[in-house]
Amino acid sequence: MLIKKPSDIKSSEITDKKVYLNRRKFIAAATASGTAIAAGLGVSRWLTASGETQSGAKLEGVIKSPFSTNEPMTPYKDVTNYNNFYEFGTDKYSPASMAKSLKTRPWTVAVEGEVKRPKVYDIDQLIKISPLEERIYRLRCVEGWSMVIPWIGFPLNALIKLVEPTSKAKYVEFITLYDPRQMPGQHSSVLKWPYVEGLRLDEAMHPLTILAVGLYGEVLPNQNGAPIRLVVPWKYGFKSIKSIVKIRFVEHQPITAWMRAAPNEYGFYSNVNPEVDHPRWSQARERRIGEFRKRPTLMFNGYGDQVAHLYSGMDLRKYF
Amino acid sequence: MKNRYIVLIKIIIHLACLIPLAWLGYNGYNDNLGANPIEVITRSTGFWTLALLMVTLSVTPLRQITGLQWLIRLRRMIGLYAFFYACLHFTTYIWLDQFFDLESISKDIVKRPFITAGFTGFVLLIPLALTSTKGMVRRLTGKRWQQLHRLIYLSAIAGVVHFFWLVKADISQPLIFGTILALLLGHRATVKLWSMLSSRFSFKNYESSNRAGTEVVKK
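Residues numbered from 1 in each chain as written. Chains lettered and ligands numbered in written order. Predicted model: local features only at pLDDT ≥ 70, side-chain atom pairs only at ≥ 80, totals over all residues.

## Observations regarding the overall build of chain A
Counting its secondary structure elements, chain A contains nine helices and 12 strands. Counting over 320 residues, chain A shows a buried share of 42%. Within chain A, contacts between residues separated by at least 24 positions form 71% of all contacts whose residues are at least 6 apart in sequence. (Helix = DSSP H or I, 4+ residues; strand = E, 2+ residues; numbered from the N terminus. Buried ≥ 20, exposed ≤ 12 C-beta atoms within 10 Å, placed from the backbone. Contact = placed C-beta atoms within 7 Å.)

The following block contains the structure:
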């Protein structure tokens, strides 16, 4: 078997986007009908659901960002077919088909808690609060693989400034949709639902932290966390919570889904750190998707210059 | 069972046991193993090692329950296929995953409990494969051969523990293997206990249950 590096692949060898999109549509239609039947949903429901998803639509007026890396990007098909999204199954290959059951319109995001201006945002209103930017970021999964993904989104701090946190707000808690009918994986008790994540307020305010609504210039596919997700590139991937319905500003450190599931293995911070191993496996190296040999993992996933100061004086073994 | 039927059944088992490898080979060649092919190969070879170990361990209980003595003649080849997939699994780890980084591999084996367990399970299978030939069975004599081959119990336990310890949160598959293994080993323990009790109280069925409890390979 031959495993090619992205740089080895000639552009002529890359499947034309139209071809694979058609293939995806076909597979999607086949699997969507299968899952709809499996989930006991009526055909009519499936027909209406497919009309309400926007994934794949082009996003206009996106500006470039100096925060982007110029490393080769992970192919679109890998970014959208290899996903940890337990709401659609624990297998990384299943969300691509299972997530068709997610309806991303209408969608609201409630911003509440310790803020002067709490508000329930409609998703179409929320994505207009700030110009959309392309941020090409490295993503490092806690399992030991990584990707380079061109996200489209806006800084979370744009939203935070609008809602004006009070002096009591020390942390931000994020909550994913809970609806087992749309998210069949929530029938399983593998994690406590809904999925919860959190950041310290200064991490949430950091310019690298974004709310993403797209990738590769298009509306976010469902399996990647549509319609809106967090992206925190210096932390392990599971911190970047998907399909957010609630953002709460709180005084005390939130208990995240993975902290609840395995408190000795997953801490609140979960910064990418090659020197602090997962209790069961090493974090010193990672396999970039598409590459054969593992590469060394970088401190803070290579974003140390921008974020290391947030943790100065902290024992990162204790606050893992 | 006539010999030619056994030959036919053996051919079918050979083909069946090679399907997972053929699937990996075909999809690997066609670049169809998804975003992380090495992970798929590792998972698949590990899964089939455990699955074939379970099949190997179910031969004796099946024979005892059904009375089909010829089943024993299939056991060695299935056991050797389990070892074959264990070798592929181990090679995948050493070569594709770690790329012969001996320092990292030895650290893993010592420091990572799930790798320690998997490595133990693999090493325990080696003497069993080496003594699987007719000559070795004869040289070791029935009883000693049998005692040695009880290592498969430890190997299977280590393999299932290895699986439990490596998954992040979804323990459903390791749990299925664990349940099957518990049933298979539980059956043996029950038979053993029954034969001990029977012999103590000298029940009439002493003979038959004792024969079932201590299996001898008949050629």
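## Focus on the interface of chain B and chain A
Listed by partner, the interface residues are 12 residues for chain B and 15 residues for chain A. Tallied by class, the residues present in the side of chain B that touches chain A amount to seven nonpolar, three polar and two charged. (Nonpolar A, V, L, I, M, F, W, Y, C, P; charged D, E, K, R; others polar.)

## A look at the sheet that holds strand 6 (residues 196-200) of chain A
All names here are of chain A. Taken together, the five strands give an open sheet; going across it, the order is 2-1-10-5-6, and neighbouring strands pair in mixed fashion. Edge strands, defined here as strands with exactly one partner in the open sheet, are strand 2 (119-122) and strand 6. When the angles between neighbouring strand axes are averaged without regard to direction, this sheet yields 15°. Examined bridge by bridge, strand 5 (residues 171-176) and strand 10 (residues 244-250) share six bridges and lie antiparallel to one another. For T176, the partnering residue across the bridge sits in strand 10 and is I244. (Pairing = 2+ DSSP bridges. Axes fitted to C-alpha atoms, helices over the stretch in contact; angles between N-to-C directions.)

## As for the packing of helix 2 (residues 37-66) of chain B against helix 3 (residues 75-97) of chain B
All names here are of chain B. In contact at an axis separation of 8 Å, helix 2 and helix 3 are set at 160° when each is read in the N-to-C sense. It follows that helix 2 is roughly antiparallel to helix 3 by the angle criterion. You can see that helix 2 and helix 3 cross each other, and the crossing is left-handed. (Parallel < 35°, antiparallel > 145°, perpendicular 65-115°, else oblique. Left-handed = near helix turned anticlockwise from the far one by under 90°.)

## Topic: the environment of A:G217
All names here are of chain A. Tracing the sequence through the fold places G217 in the loop between strand 7 (210-215) and strand 8 (218-219). Judged by C-beta crowding, with 13 C-beta atoms within 10 Å, G217 ranks as partly exposed. With 76 residues separating them in the primary sequence, G217 and C141 have C-alpha atoms 23 Å apart. Discounting chain neighbours no more than four positions away, the residues touching G217 are K58, L59, V62 and I152.

## Let's talk about the pairing of strand 2 of chain A
All names here are of chain A. When strand 1 (residues 108-113) meets strand 2, the two strands line up antiparallel, connected through four bridges. For V109, the partnering residue across the bridge sits in strand 2 and is Y121. The loop that links strand 1 with its antiparallel partner strand 2 comprises five residues.

## Remarks on helix 1 (residues 3-29) of chain B
Residue and element names in this part refer to chain B. Between its terminal C-alpha atoms helix 1 stretches 38 Å, which fits the 39 Å expected from 27 residues at 1.5 Å a residue. The buried fraction of helix 1 amounts to two of the 27 residues, a small share that puts the element mostly on the outside. The first or second residue beyond helix 1 is D31, which carries a positive phi of 50°. (Expected span 1.5 Å × (residues − 1).)

## Quick word on the confidence of the model for chain B
Do not read the fine detail of predicted coordinates wherever pLDDT is low. Residue and element names in this part refer to chain B. Summing up the model confidence of chain B, the mean pLDDT is 91 and the portion of residues at 70 or higher is 92%. For the stretch residues 209-219, pLDDT sits under 50, and the model shows 16 contacts to residues farther than four places along the chain or on other chains. Interface confidence for the predicted complex, expressed as ipTM, amounts to 0.83; the pTM equals 0.83. (pLDDT = per-residue confidence, 0-100.)

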